[in-house]
Amino acid sequence: MSTTATLSPTQAVTVPRAQRAHRPRLPGQKPFGPLRVTAFVILALLAIGWLLPFLWAVATAFKTETDAASGDPSWIGASGITGDAFTAILSQGNVYVWAWNSLITSIAITVITVAISAGAAYAFSRLDFRGRRWLFFVIIASIVVPPQVLIIPLFYEMLAFNMIDTHWGLILPQVVAPAMVFILKRFFDAVPIELEDAARVDGASRFRIFWSIVLPLSRPILASVAIFVFIGAWNNFLWPFLVINDTTLMTLPVGLQTVISAYGVQYAQVMAQAVLAALPLIIVFIIFQKQIVKGVATSGFGGQ
Amino acid sequence: MTTTASTRAVVTGRKSSTPLRRPGFQRREQLVSWAFLAPFLIAFALFLAWPIVHGIYLSFTDQSLTGAGGGLVGFANYAEALGDPVMWQSMWNTVWFTLLSTVPLVAIALLMAALVDRGLPGQWLWRLSFFMPYLLASTVISQIWVWIFNPQIGAANNILKALGLEPLAWLQNPDTNMLSIVIATIWWTVGFNFLLYLAAMQNIPSQQYEAASLDGASAWRQFWSITLPQLGPATVLILILQILASLKLFDQAYQMLGGVASDTTRSIVQYIYEAGFVNYRFGYSAAISYVFFALIIIVGVAQALVTRRKKEL
């Protein structure tokens, strides 16, 4: 992976650091110097430590219930490898329903959040209207409000709207993301205004400009915000837990939580369930690793 | 609602953020602005602004989930909260969890990022291992760690036994249950801070390292003299984000104990939940919410003061 940089001054200037995955190895730095080997060993130990809990879960999921409950720490149970736990989980049907509910509600939250935040951010960045400054201040200030503080009045509101035990009741309170407005506004501020002015000279409306110039230029930041919102929505627990009681409407995190006690001490099944629930996001992460890493870092920093 | 070609001549060569003096244009610009803002503002008003205001009102009533009550009771809920030992215990548990979790979550993330940034082979594997847990739902990590902390068959006690140490009851012992939650949380969320640190390190120009290495500075020296000093702003931000995140403890603490309230792990958010949705006391729950909000504001103000000081220096 590492590139050996030849130290010409021009090259040092033309290759911005942020575009590289990591620091290049320096001239005179041995590929396997003692320090690099030490660093590698520490890194490998940390990685093993971080992977182990998950690997244990996978190993247990492939054991028979008897082996799983025996406390035998070996990777493969005495009765060998079996997919029984997975078959048992998948035959129950609820897992599919919950995964589907998680998927559609998370997509809805992501699409609505990105759409309404982008519109507002554009207005704050480019348009001139009365009350712009104080309105922006109010929205930025609201970033500090923890969603947990609002569960009581929000629940009350959802009762009034008749949205308890509906997906809209789950989705709507999650679409307000002032931090995302802030991030997008900062990005729009940096888009050269000349492009838009040229389009306006040609008679394009604000909406046209927004739709066909600004949004296409903002694809990376929109993806970054969308990834961030999606992960949050997919894993959100407290609000879906409060607002949904109907088993068939539950999201994956809430649904799985209800069956822990039902399974009692069937560890293989519990672990199979955990592995199944973890799998979609892990696969997505492996495929889109670069974008996700970048997206999380961008939104994480901008959304303070 | 669309601006037509009539604006054409007016805007040529001007920054569109400059207010334009023509009344017709201005009115249209106002309308267009509100059209862009409306969807967000409606959602903001309905699901953030109004709940904040209504929550304050509820905190002064004896409203219950069942619909009974609802009369104003003045400051009774707040007075009760401030005299409620369970509230103070939950507040302390929350602060204790924040103290225990924040330092390792920042320090380990820094170590991970510093090592990965050295460009050792296997980049995707390091990222995957450190960040993957962050992608898991609280339910999943709770199930995995409940099993690891199982006193009879769990891996945690197997390790202790292998090291020749006494096995622990982990989650079942009030002395160790918070520690168990802290360990699981570090594993779960350190990847987020790791990515933030990695991004911050990648913004340090590589010329600085090249120059230092020409001068014969060791990698260790480079880390202390180049990397670390430039991570100051990132560290402040990561620290504050982490403190705010830790103060919101609920999901994993609640689920790892199977929803059972434990005096040593009940966080303030869990107490808000219990007061509202277990004891059905919406008014009291709202009051505790605002006590918690006050704590968050205090942290926010402290952060603002610290960062401002830094800038002045």
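Just so we're clear, the structure is a prediction, and the values are computed from it rather than from any experiment.

**Student:** It is not clear to me how the overall build of chain A should be interpreted in this structure. Could you clarify?
**Tutor:** Counting its regular elements, chain A contains 16 helices and zero strands. Residue burial in chain A is summarised as follows: out of 304 residues, 42% are buried. Of all intrachain contacts in chain A linking residues separated by at least 6 positions in sequence, the fraction that spans at least 24 positions is 75%.

**Student:** Looking at this structure, I do not really get the overall build of chain B. What am I missing?
**Tutor:** Within chain B, the secondary structure is distributed over 14 helices and zero strands. Counted from the first residue to the last, chain B has its helices and strands arranged as α-α-α-α-α-α-α-α-α-α-α-α-α-α. Over its C-alpha trace chain B gives a radius of gyration of 26 Å, far above what one expects of a compact globule, namely 20 Å for 313 residues. Taken along the three principal axes of its C-alpha coordinates, chain B extends 85 × 75 × 40 Å. A burial count over chain B gives 41% of its 313 residues as buried. In chain B, the proportion of contacts linking residues at least 24 apart, taken out of those at least 6 apart, comes to 67%.

**Student:** Would you mind showing me how to read the interface of chain A and chain B here?
**Tutor:** Interface size is commonly expressed as the accessible surface area that is lost when the partners come together. Across the boundary between the two partners, chain A contributes 98 residues, which contact 96 residues of chain B. For the side of chain A that touches chain B, the element with the most residues is helix α2 (residues 34-61) of chain A, which contributes 13 residues. When grouped by side-chain class, the residues that make up the side of chain A that touches chain B number 68 nonpolar, 18 polar and twelve charged.

**Student:** Is there a simple way to explain the nonpolar core in this structure?
**Tutor:** Looking at soluble globular proteins, one finds that nonpolar side chains tend to be buried together. Among the nonpolar cores identified, the biggest contains 163 residues, and L184 and M271 of chain A together with A113, F194, Y197 and I288 of chain B are the most heavily contacted of them. Counting residues per element, this core draws most heavily on helix α8 (residues 177-202) of chain B, at 15 residues. Excluding anything up to four places from it in sequence, Y197 of chain B contacts A109, L110, A113, A234 and I238 of chain B.

**Student:** Explain the confidence of the model for chain B to me, please; I cannot follow it from the model alone.
**Tutor:** Residue and element names in this part refer to chain B. Averaged over all residues, the pLDDT of chain B equals 85, while 90% of them reach at least 70. Within chain B, the lowest mean pLDDT, 37, falls on helix α1 (residues 8-11), and the highest, 94, falls on helix α4 (residues 85-116). Low confidence marks residues 1-21, where pLDDT is under 50. Its contacts with residues over four positions away, or in another chain, come to 32 contacts. Complex prediction metrics read pTM 0.85 and ipTM 0.84.

**Student:** Can you help me understand the packing of α4 of chain B against helix α13 (residues 268-278) of chain B in this one?
**Tutor:** Any two packed helices are characterised by the angle at which their axes cross and by the distance between the axes. Residue and element names in this part refer to chain B. Running from N to C, α4 and α13 cross one another at 145°; their axes reach a closest spacing of 8 Å. Here V86, M87, S90, M91 and T94 of α4 lie close against α13, whose contacting residues are I268, Q270 and Y271. Taken together, the residues of the contact of α4 with α13 break down into five nonpolar, three polar and no charged.

**Student:** Is there a simple way to think about α8 of chain B in this case?
**Tutor:** Residue pairs three or four apart in sequence face the same way in an α-helix, which turns once every 3.6 residues. When the terminal C-alpha atoms of α8 of chain B are compared, their 38 Å separation across 26 residues agrees well with the 38 Å that a helix rising 1.5 Å per residue should span. At T189 of chain B, α8 of chain B shows its strongest bend, of approximately 45°.

**Student:** Help me understand the confidence of the model for chain A in this model?
**Tutor:** Low-pLDDT portions of the prediction should not be read for the details of their coordinates. Residues and elements named next belong to chain A. On average, residues of chain A score 83 in pLDDT, and 87% of them reach the 70 mark or higher. Element-level pLDDT for chain A is lowest in helix α1 (residues 9-14), with a mean of 36, against a maximum mean of 95 in helix α8 (residues 167-171). Contacts from residues 1-19, a stretch scored under 50 in pLDDT, to residues over four places away or in other chains number 25 contacts.

**Student:** Can you help me understand helix α12 (residues 219-235) of chain A in this one?
**Tutor:** Residues and elements named next belong to chain A. The first and last C-alpha atoms of α12 sit 24 Å apart over 17 residues, in line with the 24 Å expected at 1.5 Å per residue. Burial runs high along α12: twelve of the 17 residues are buried. Every buried residue of α12 is accounted for by I221, L222, S224, V225, I227, F228, V229, F230, I231, A233, W234 and N235.

**Student:** I tried to follow unusual backbone geometry on my own but got confused; where do I start?
**Tutor:** A negative phi angle characterises most non-glycine residues, just as the trans form characterises most peptide bonds. Even without being a glycine, N162 of chain A presents a positive backbone phi close to 60°. For N162 of chain A, the location among the structural elements is in the loop between α7 (151-160) and α8. For W170 of chain B, which is not glycine, the phi dihedral falls at a positive 45°. Mapped onto the secondary structure, W170 of chain B falls in the loop between α7 (155-162) and α8. According to the C-beta neighbour criterion, W170 of chain B is buried, with 23 such atoms within 10 Å.

**Student:** What am I meant to see in the environment of F194 of chain B here?
**Tutor:** Looking at the secondary structure, you find F194 of chain B in helix α8. Sequence spacing of F194 of chain B and L125 of chain B is 69 residues, and the spatial spacing of their C-alpha atoms is 14 Å.

**Student:** Hey, could you run me through the environment of V278 of chain B in this one?
**Tutor:** All names here are of chain B. Here V278 shows up in helix α13. We classify V278 as partly exposed; it has 14 C-beta atoms within 10 Å. Each C-alpha atom, one on V278 and one on N157, is 34 Å from the other, the two residues being 121 residues apart in sequence.

**Student:** Before we go on, may I ask you to explain the environment of P167 of chain B in this structure?
**Tutor:** All names here are of chain B. By the element assignment, P167 lies in the loop between α7 and α8. For P167, a count of 14 C-beta atoms within 10 Å gives the class partly exposed. It is 74 Å that separates the C-alpha atoms of P167 and Q26, two residues lying 141 residues apart in sequence. When sequence neighbours within four positions are dropped, the list of residues in contact with P167 reads P151, N157, L160 and K161.

About the cut-offs
Residues numbered from 1 in each chain as written. Chains lettered and ligands numbered in written order. Predicted model: local features only at pLDDT ≥ 70, side-chain atom pairs only at ≥ 80, totals over all residues. Helix = DSSP H or I, 4+ residues; strand = E, 2+ residues; numbered from the N terminus. Buried ≥ 20, exposed ≤ 12 C-beta atoms within 10 Å, placed from the backbone. Contact = placed C-beta atoms within 7 Å. Rg over C-alpha atoms; globule rule 2.2 N^0.38 Å. Nonpolar A, V, L, I, M, F, W, Y, C, P; charged D, E, K, R; others polar. Core = buried A, V, L, I, M, F, W, Y, C linked by C-beta atoms within 7 Å. pLDDT = per-residue confidence, 0-100. Axes fitted to C-alpha atoms, helices over the stretch in contact; angles between N-to-C directions. Expected span 1.5 Å × (residues − 1). Bend = angle between axes of the 7 residues up to and from the residue.

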